[in-house]
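Take a look at the letters that make up each chain.
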Amino acid sequence: TSSVWINPPELVDYLYMYDDDESGQRAMDKKLNEGKKVFLWGRFKKDYNLPDRPKWDWNDVVKFLTENNRMVPKTRELYRYFSGNVLDALELH
């Protein structure tokens, strides 16, 4: 985990999950165009029926799901929401 303002050295293939807000979406668009794997917030929010908000981050998701007696997805289940395919750009938001 990091920030849109921090660029860690690329020693391994990273999975980028920025906040689902304006700056996070810009950062994910950029990473996706570089061929990096980014989190598809749009697909995730649809699959988990999350309410529309101006911003989501992972802490918000865990809190919302927990407060509504819903299961928080396991790490391995989250891999399906990452993509490096630019055709998935519509599912970022």
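Above: the structure in question.
Report follows, based on the coordinates. (Residues numbered from 1 in each chain as written. Predicted model: local features only at pLDDT ≥ 70, side-chain atom pairs only at ≥ 80, totals over all residues. Heavy atoms only, no water.)

So, helix α1 (residues 22–33)
Keep this limit in mind: Strands here mean DSSP runs of E at least two residues long; helices mean DSSP runs of H or I at least four residues long; both are numbered from the N terminus. To estimate the expected span of a helix, count its residues, drop one, and scale the result by 1.5 Å. For every residue, the accessible area obtained with a 1.4 Å probe (protein chains only) is divided by the maximum for its type, and the residue is called buried under 20%, exposed over 50%, and partly exposed between those limits. For this quantity, the arc is that covered by the directions from the helix axis to the C-beta atoms. A contact between two residues is defined here by any heavy atoms of the two lying within 4.5 Å.
Its 12 residues place the ends of α1 17 Å apart at the C-alpha level, agreeing with the 16 Å of an ideal helix rising 1.5 Å per residue. Those residues of α1 not exposed but buried are Gly24, Gln25, Ala27, Met28, Lys31 and Leu32. Seen along its axis, α1 keeps its buried residues to an arc of 160 degrees; they face one direction. Of the exposed residues in α1, the ones pointing more than 90 degrees away from its buried face are Glu22, Lys30 and Asn33. In the core, the buried residues of α1 are packed alongside β1 (15–16), β2 (37–39), α2 (41–47) and β3 (82–83). Of the residues flanking the end of α1, it is Gly35, one or two places downstream, whose phi is positive at about 85 degrees.

Focus on the packing of aromatic side chains
Pairs of aromatic rings are described using the distance from one ring centre to the other and the angle between the two planes. Put simply, the rule is: Here a pair means two rings of Phe, Tyr or Trp (six-membered ring of Trp) with centres within 6.5 Å. Their orientation is stacked below 30 degrees between planes, edge-to-face above 60, and tilted elsewhere.
Within this structure, the stated rule accounts for 12 aromatic pairs. Ring plane angle 25 degrees and centroid distance 4.5 Å describe the contact between Phe44 and Tyr48, whose orientation is recorded as stacked. Across the pair, exposure class does not vary: Phe44 and Tyr48 are buried alike. Judged by centre distance (5.8 Å) and plane angle (55 degrees), the ring pair of Phe44 and Trp58 falls under tilted. Placement of the pair is Phe44 in helix α2 and Trp58 in helix α3 (residues 58–67), with a sequence separation of 14 residues.

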